[in-house]
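# Notes for the structure review
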Amino acid sequence: MARELDALIARHGRPATIVSDNGTEMTSRAMLERTNRTGVDWHYIAPGKPQQNGFVESFNGKLRDECLNEEVFASLAEARAVIERSRLDYNHVRPHPAHGGLTPEAVRLNPAAGRLRNLEGSAARPLPPARQINYQP
């Protein structure tokens, strides 16, 4: 886990904080030493409170329901290949409602697109134009 986190940080940059549960893979000596070495803050959710880390719980449920429960793996290599196909589909093909129907990869490539939530809109009519305020020095 520590090596994978180092690889992710090298690829995507250093986060301010990592949030995780209290599983043995996250509380091992290697992880604690890595946290001390890198200086990245680590926040453990309260035991028995998965809702405190809702994003990952939602993702884990989807991965389990849509991929892992649908497959029988004959080998570790096959499991890795199937999970990688699922990851690519989730990030590059499947539109996400939270991103206005865009894929996570499209939002990553164009961060402004992530602010286009609810492109259809939910207001009964268009919002009035913003008032302009002219400040005098």
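Description of the structure in this document. Per chain, residue numbering runs from 1 following the sequence as it is written. Given that this is a predicted model, residues contribute local features only at a pLDDT of at least 70 and side-chain atom pairs are listed and counted only at 80 or more, while totals for whole chains, interfaces and linings are drawn from all residues. Computation of side-chain values covers all heavy atoms of the structure but excludes hydrogens and water.

## Topic: the overall build of the protein chain
Helix numbering and strand numbering both begin at the N terminus, where a helix is a DSSP run of H or I of at least 4 residues and a strand a DSSP run of E of at least 2. Looking only at helices and strands, the protein chain features five helices and two strands. In the protein chain, the order of α-helices and β-strands from amino to carboxyl end is α-β-α-β-α-α-α. Contacts spanning at least 24 positions in sequence make up 38% of the contacts within the protein chain whose residues lie at least 6 apart. Of the roughly 10900 Å² that the protein chain leaves accessible, carbon and sulfur atoms contribute 55%. Contacts are assigned to residue pairs that have any heavy atoms within 4.5 Å of one another. Residue-level accessible areas treat just the shown protein chains as cover; the underlying method is Shrake-Rupley with a 1.4 Å probe.

## Section: the nonpolar core
Residue types Ala, Val, Leu, Ile, Met, Phe, Trp, Tyr and Cys, when buried and joined through side-chain atoms within 4.5 Å, form a set referred to as a nonpolar core. For each residue, the accessible area found with a 1.4 Å probe, counting protein chains only, is set against the maximum for its type, and the residue is called buried under 20%, exposed over 50%, and partly exposed in between. Counting seven residues, the largest nonpolar core is built from A2, L5, I18, M26, M31, V40 and W42. Ignoring any residue separated from it by four or fewer positions in sequence, one finds V40 in contact with R14, P15, A16, T17, I18 and T35.

## Thoughts on the packing of aromatic side chains
The pairing test for Phe, Tyr and Trp rings, Trp by its six-membered ring, is centres within 6.5 Å, and the orientation test on the planes gives stacked under 30 degrees, edge-to-face over 60, and tilted for anything in between. On inspection of all chains with the given rule, the structure shows two aromatic pairs. Seen in terms of ring centroids, W42 and Y44 are 6.1 Å apart; in terms of plane orientation they differ by 40°. Their pairing is tilted. Between F59 and Y90, the aromatic rings sit 5.4 Å apart at their centres with planes inclined by 75°, giving edge-to-face as the arrangement. Taken together, the residues span a long stretch of sequence, with F59 in helix α3 (residues 54–66) and Y90 in helix α4 (residues 76–93) at a distance of 31 residues. Using a relative accessible area of 33% as the deciding quantity, one classes F59 as partly exposed.

## A look at the pattern of salt bridges
By definition here, a salt bridge exists when the distance from a side-chain nitrogen of Lys or Arg to a carboxyl oxygen of Asp or Glu is within 4 Å. Within this structure, the stated rule accounts for six salt bridges. For R34, the salt bridge is made with D6, and the minimal N-O distance between the two is 3.0 Å. Of this pair, R34 sits in helix α2 (residues 29–38) while D6 is found in helix α1 (residues 2–12), placing the two residues 28 residues apart along the sequence. The exposure class of D6 is partly exposed, given its relative accessible area of 28%. Here the salt bridges do not stand alone but share partners, grouping D6, R34 and R37 into one network.

## Quick notes on the packing of α1 against α2
The interhelical angle for the contact between α1 and α2, taken along N-to-C directions, is 30°, at an axis separation of 9 Å. If you check the angle between α1 and α2, you find them roughly parallel. Taking contact as the criterion, the partners of A2, L5, D6 and I9 in α1 are, on α2, A30, M31, R34, R37 and T38. The residue makeup of the contact of α1 with α2, split by class, is five nonpolar, one polar and three charged. Axis definition: a line fit to C-alpha positions, over the contact stretch in the case of helices; interaxial angles, taken between N-to-C directions, run 0 to 180 degrees. An angle counts as roughly parallel when it lies under 35 degrees, as roughly antiparallel when it exceeds 145, as roughly perpendicular when it falls between 65 and 115, and as oblique in every other case. Gly counts as polar in this scheme, as do all residues outside two lists: the nonpolar Ala, Val, Leu, Ile, Met, Phe, Trp, Tyr, Cys and Pro, and the charged Asp, Glu, Lys and Arg.

## Looking at the side chain of T35
Locating T35 in the fold gives a position in helix α2. Of the residues examined, T35 reaches a relative accessible area of 16% and is grouped as buried. Polar contact is defined as a pair of N or O atoms within 3.5 Å, subject to the rule that within protein one atom must be able to donate a hydrogen and the other to accept it, and that residues adjacent in sequence are counted only when both atoms are side-chain atoms. Among the polar contacts made by the side chain of T35, one reaches the main-chain carbonyl oxygen of M31 at a distance of 2.9 Å. Ignoring sequence-local partners within four residues, the contact set of T35 consists of V40 and W42.

## Points about the pairing of strand β1 (residues 17–20)
Along β1, the buried face is formed by I18 and S20; none of T17 and V19, which line the opposite face, is buried. Pairing of β1 with strand β2 (residues 41–44), which is carried by four bridges, proceeds in the parallel orientation. By the bridge assignment for β2, I18 is matched with W42. Regarding the hand of the β-α-β motif, the stretch spanning β1, α2 and β2 is right-handed. Any two strands are treated as partners once DSSP identifies two or more bridges connecting them. Here a crossover is taken to be right-handed if, once the strands point away from the viewer, the path from the first strand over the helix to the second is traced clockwise.

Any link to function would need more than the numbers given here.
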